[in-house]
Amino acid sequence: MTRLKDLNWLWSALIILGFFVFWELMCLVTGIPDFILPRPSEFVVVLIEQFHGIRRHGLQTLMTTTTGFAGGVLAGVVIGAIIGSSKVLYNACYPMLVGFYSIPKVALVPVFVVWFGIGTVPAILTSLVICIFPVVVNVATGLATTEPELEDVLRALGASKLDILWHVGLPRSLPYFFASLKIAITLSFVGTVVSETVAANLGIGSMMVLASSDFNMPLVFAGLVLLASMGIGLYACFAVLERRLTGWAQRKTEFVSG
């Protein structure tokens, strides 16, 4: 089984490598100029040579994203637990959440700029609000899946509603919660970069805007690669935590071939 898993990882790595090799060869054969579509080798060289300056923007974006993400997750868990434990609140609040989430988050950036000025705060708030919805929905859904029969038994044994929520509802919603984290962290990067492109002087979004104004597309793609790397890294961290903390909810795959 371990050998099959290693083989699958090898094939995945080869497919990814083949994609970038194809990209490189396509640009060389077609002669596409680098200010339109740079070759992977070009933006990798830029990423290495200008790493000191790019790292400063990358750390700013990472700090902003993780701060907004943490605030959004905390708010999402609290709101999800509240509306998920009450059918009336669920029916009342869910349409408002859907309506709020339907608003393009880029439209909120000017509002945050007016309130807090240009800088980090609008980016943190944009990152925060964009990742609340998936957390709220998944936590509320997880709580809603608690069997009524189990709740009746626990009440008969003297458990309060808070006891049921803490000892049964929240643990049962963990698989849904971790699924929402993997979605929210990618959305959080989107919110940060959108805000940085509009109202920031530091961060990958701001760097990419300045680079694109100079037609420095290798630097733009270097920023995209760094963003993708940070997103993949944080996604992988939550995937590992999910396997360790919710292994009881994972389907067995030992006998699945292919």
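Predicted model only: the values in this text are computed from it and were never measured.

A count of helical and extended segments in the protein chain gives eleven helices and zero strands. Counting from the amino terminus, the protein chain carries its helices and strands in the arrangement α-α-α-α-α-α-α-α-α-α-α. Looking at the protein chain as a whole, 36% of its 258 residues qualify as buried. Sequence separation of at least 24 residues holds for 75% of the intrachain contacts in the protein chain that already meet a minimum separation of 6.

Judged by side-chain polarity, Leu 7, Leu 10, Trp 11, Leu 14, Leu 17, Val 21, Leu 25, Leu 28 and Val 29 come together as a nonpolar surface patch covering roughly 900 Å² of accessible area. Among the secondary structure elements, Val 29 is positioned in helix α1 (residues 2-30). Under the relative-accessibility criterion, Val 29 is labelled exposed at 71%.

Tallied over the entire structure, the rule returns ten aromatic pairs. Each ring, one from Trp 115 and one from Phe 116, has its centre 6.4 Å from the other, and the planes form 80 degrees; the classification is edge-to-face. Seen in terms of ring centroids, Phe 177 and Phe 178 are 5.6 Å apart; in terms of plane orientation they differ by 65 degrees. Their pairing is edge-to-face. With a relative accessible area of 17%, Phe 177 lands in the buried category. Looking at Phe 178, the relative accessible area reads 5%, which means it is buried.

Here the focus is the confidence of the model for the protein chain. Averaged over all residues, the pLDDT of the protein chain equals 82, while 84% of them reach at least 70. Note on residues 253-258: pLDDT is under 50 here. Beyond four places in sequence and across chains, it has four contacts.

A word on the nonpolar core. One finds Ile 54, Phe 69, Phe 177, Leu 181, Ile 204 and Leu 227 to be the most contacted residues of the largest nonpolar core, which totals 34 residues. Every element with two or more residues in this core is listed here: α1, α2 (40-49), α3 (51-84), α6 (120-144), α9 (174-199), α10 (204-213) and α11 (217-245). At nine residues, the largest contribution of residues to this core is made by α11. Among all residues touching Phe 177, those that are not within four sequence positions of it are Val 73, Val 77, Val 135 and Val 139.

It is worth spelling out the pattern of salt bridges at this point. All told, the structure shown has three salt bridges when counted by the stated rule. Across the salt bridge formed by Arg 39 and Glu 42, the nearest N and O atoms sit 3.5 Å from each other. In this structure, a network of salt bridges that share partners links the residues Glu 24, Arg 39 and Glu 42.

Let us now look at the environment of His 57. Positionally, His 57 belongs in helix α3. His 57 sits 145 residues away from Leu 202 along the chain, and the two C-alpha atoms are 5.8 Å apart. Filtering out sequence-adjacent residues up to four positions away, His 57 remains in contact with Leu 202, Gly 203, Ile 204 and Met 207. Polar contacts involving the side chain of His 57 include one to the main-chain amide nitrogen of Gly 203, which spans 3.1 Å.

This brings us to the side chain of Ser 127. Tracing the sequence through the fold places Ser 127 in helix α6. For Ser 127, a relative accessible area of 0% puts it in the buried group. Within the structure, the side chain of Ser 127 is placed 2.3 Å from the side chain of Ser 188, a separation counted as a polar contact. Once residues lying within four places of it in the same chain are set aside, the contact partners of Ser 127 are Thr 64, Thr 65, Gly 68, Phe 69, Ser 188, Gly 191 and Thr 192.

Taken residue by residue, α10 has Ile 204, Gly 205, Ser 206, Met 207, Met 208 and Ala 211 as its buried positions. Contacts made by the buried residues of α10 are with α3, α9 and α11. Positive backbone phi, at 55 degrees, marks Phe 215, one or two positions downstream of α10.

Quick look at the packing of α3 against α9 now. The N-to-C vectors of α3 and α9 enclose an angle of 135 degrees; their axes lie 9 Å apart at closest approach. Taken together, the axes of α3 and α9 are oblique relative to one another. Crossing of α3 over α9 shows right-handed handedness. Facing Gln 60, Thr 61, Leu 62, Thr 64, Thr 65, Gly 68, Phe 69, Val 73 and Val 77 of α3, the residues of α9 in contact are Phe 177, Leu 181, Ala 184, Ile 185, Ser 188, Phe 189, Thr 192 and Glu 196. Residue classes in the contact of α3 with α9 are distributed as nine nonpolar, seven polar and one charged.

Cut-offs used in this document
- Residues numbered from 1 in each chain as written.
- Predicted model: local features only at pLDDT ≥ 70, side-chain atom pairs only at ≥ 80, totals over all residues.
- Heavy atoms only, no water.
- Helix = DSSP H or I, 4+ residues; strand = E, 2+ residues; numbered from the N terminus.
- Buried < 20%, exposed > 50% of the residue type's maximum accessible area, 1.4 Å probe, protein only.
- Contact = heavy atoms within 4.5 Å.
- Patch = residues over 30% accessible without salt bridge, like charges linked within 9 Å, V, L, I, M, F, W, Y side chains within 5 Å.
- Areas by Shrake-Rupley, 256 points an atom, 1.4 Å probe, with all protein chains shown as cover.
- Salt bridge = Lys/Arg side-chain N within 4 Å of Asp/Glu carboxyl O.
- Phe/Tyr/Trp six-rings, centres within 6.5 Å; stacked < 30°, edge-to-face > 60°.
- pLDDT = per-residue confidence, 0-100.
- Core = buried A, V, L, I, M, F, W, Y, C linked by side-chain atoms within 4.5 Å.
- Polar contact = N/O pair within 3.5 Å; in protein donor to acceptor, adjacent residues only side chain to side chain.
- Axes fitted to C-alpha atoms, helices over the stretch in contact; angles between N-to-C directions.
- Parallel < 35°, antiparallel > 145°, perpendicular 65-115°, else oblique.
- Left-handed = near helix turned anticlockwise from the far one by under 90°.
- Nonpolar A, V, L, I, M, F, W, Y, C, P; charged D, E, K, R; others polar.

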